[in-house]
Amino acid sequence: SSPVVVNEPELFRWAGWNTPPTLVERFEQLSDLSSNSIAEQAHSMDADLAFIRRTQAGALVAADKVRQAAARRPDQRFPSGPLGAQLQMLASCLASDLPARVFYVHLDGFDHHAHQAHSHAALLSQFARSIQAFYRELDALGQSNRVLTLAFTEFGRRVAENASGGTDHGTASPAFLFGPMVAPGLVGRAPSLRDGELNDGDLEHTVDFRSVYAAVLDNWMNIESSRILGRRFEPADVLASVTQ
């Protein structure tokens, strides 16, 4: 299946305000979801046009479901900020039982080449409070046992601080898993900060991230991880329970 990217639910629709009137008229004809219209059009359509008609009808129904789900008012108060807003919308989508298995949200701003101490702490606070509100909302919905959250970064940071009070791009970085099914605690050992045990100034990782992916794929999503990762990796010991 293909992913759908939604920044704002109200934008997840056909926006035809500047479209020529003839195209608008044709779009509205194709978008008529009444049973009579569908039957009449299907009878006269060739295979390609019928496929377009079905695809458009499905997209309109999906867009309407997403907007209705996002309009739901949460039980919990989510913190202000982009991550809280995304997780609030995600909780509403889960409450509406939208047919998706994977949801992706993001929090920008961690590329601290300068003044890292204050901004990094503020982002981690936003991250923690948003995740806390998300799982409290899931608990209220009776959905927390169905949701495993994996938080990761696309790149790590160097060990040494640069001249601007920040750090530059590095290699190894931490990952976090949340949910009642997660085995609490640390996996692997903390990487060494000693000069002689760094890799050209970078941390040496102690857990292969692909083993974490393998645990999630094999033991939570019931997907053969080797198909996704290219070969077999021993799943990391990160899940205490796989009851879904």
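Located above this text is the structure these notes cover.
Worth saying up front: this structure is predicted, and the values here are computed from it rather than measured.

### Description of the side chain of D218
Here D218 shows up in helix α6 (residues 209-219). On the basis of relative accessible area, D218 is assigned to the buried category, the value being 18%. A distance of 2.9 Å separates a polar atom in the side chain of D218 from a polar atom in the side chain of R232. Ignoring any residue separated from it by four or fewer positions in sequence, one finds D218 in contact with I223, E224, S225, R232 and P235.

### Concerning the pattern of salt bridges
Where side chains of opposite charge bring their charged atoms close, a pairing between them can arise. On inspection of all chains with the given rule, the structure shows four salt bridges. Note that D202 and R158 form a salt bridge whose closest N and O atoms lie 3.1 Å from each other. Taken together, the residues D202 in the loop between β4 (176-178) and α6 and R158 in the loop between β2 (156-157) and β3 (169-170) connect sequence positions 44 residues apart. Judged by its relative accessible area of 11%, D202 falls in the buried class. For R158, a relative accessible area of 30% corresponds to the partly exposed category.

### Some points on the environment of A71
When you line up the elements, A71 lands in the loop between α3 (47-70) and α4 (82-95). Linking A71 and M89, residues 18 residues apart in sequence, is a C-alpha distance of 8.3 Å.

### Things to note about the packing of α4 against helix α5 (residues 116-141)
Between α4 and α5, the least distance of the axes is 9 Å, while the angle of their chain directions is 15°. In terms of their interaxial angle, α4 and α5 are classed as roughly parallel. Along this stretch, α4 crosses α5, giving a crossing that reads as right-handed. Of the residues in α5, those touching α4 at P82, L83, G84, L87, L90, A91, L94 and A95 are Q126, F127, S130, I131, F134, E137, L138 and L141. Here the residues of the contact of α4 with α5 are counted per class, giving 12 nonpolar, three polar and one charged.

Reading the values: the criteria
Per chain, residue numbering runs from 1 following the sequence as it is written. Predicted model: local features are reported for residues with pLDDT of at least 70 only, side-chain atom pairs are reported and counted for 80 or more only, and whole-chain, interface and lining totals are derived from all residues. Hydrogens are left out, water is left out, and the side-chain values use all remaining heavy atoms of the structure. Per the convention used, a helix needs a DSSP run of H or I reaching at least four residues, while a strand needs a run of E reaching at least two, with both numbered from the N terminus. Type-normalised accessible area, obtained with a 1.4 Å probe on protein chains alone, sets the label of each residue: buried when under 20%, exposed when over 50%, and partly exposed for intermediate values. Two N or O atoms form a polar contact when they lie within 3.5 Å of each other; inside protein one atom must be a possible hydrogen donor and the other a possible acceptor, and for residues adjacent in sequence the pair counts only when both atoms belong to side chains. Throughout, a contact is declared for two residues whenever any of their heavy atoms are within 4.5 Å. Criterion for a salt bridge: a side-chain nitrogen of Lys or Arg within 4 Å of a carboxyl oxygen of Asp or Glu. To obtain each axis, a line is fitted to C-alpha atoms, and for helices this fit is confined to the stretch in contact; angles are then taken between N-to-C directions over 0 to 180 degrees. The scheme is simple: roughly parallel for angles under 35 degrees, roughly antiparallel for over 145, roughly perpendicular for 65 to 115, oblique for anything else. Here a crossing is taken to be left-handed if its near helix is turned anticlockwise relative to the far helix by less than a right angle, and right-handed if that turn runs clockwise. When residues are sorted by character, Ala, Val, Leu, Ile, Met, Phe, Trp, Tyr, Cys and Pro go into the nonpolar class, Asp, Glu, Lys and Arg into the charged class, and all the rest, Gly among them, into the polar class.

Interpretation note: all reported values are geometric properties and have no functional meaning in isolation.
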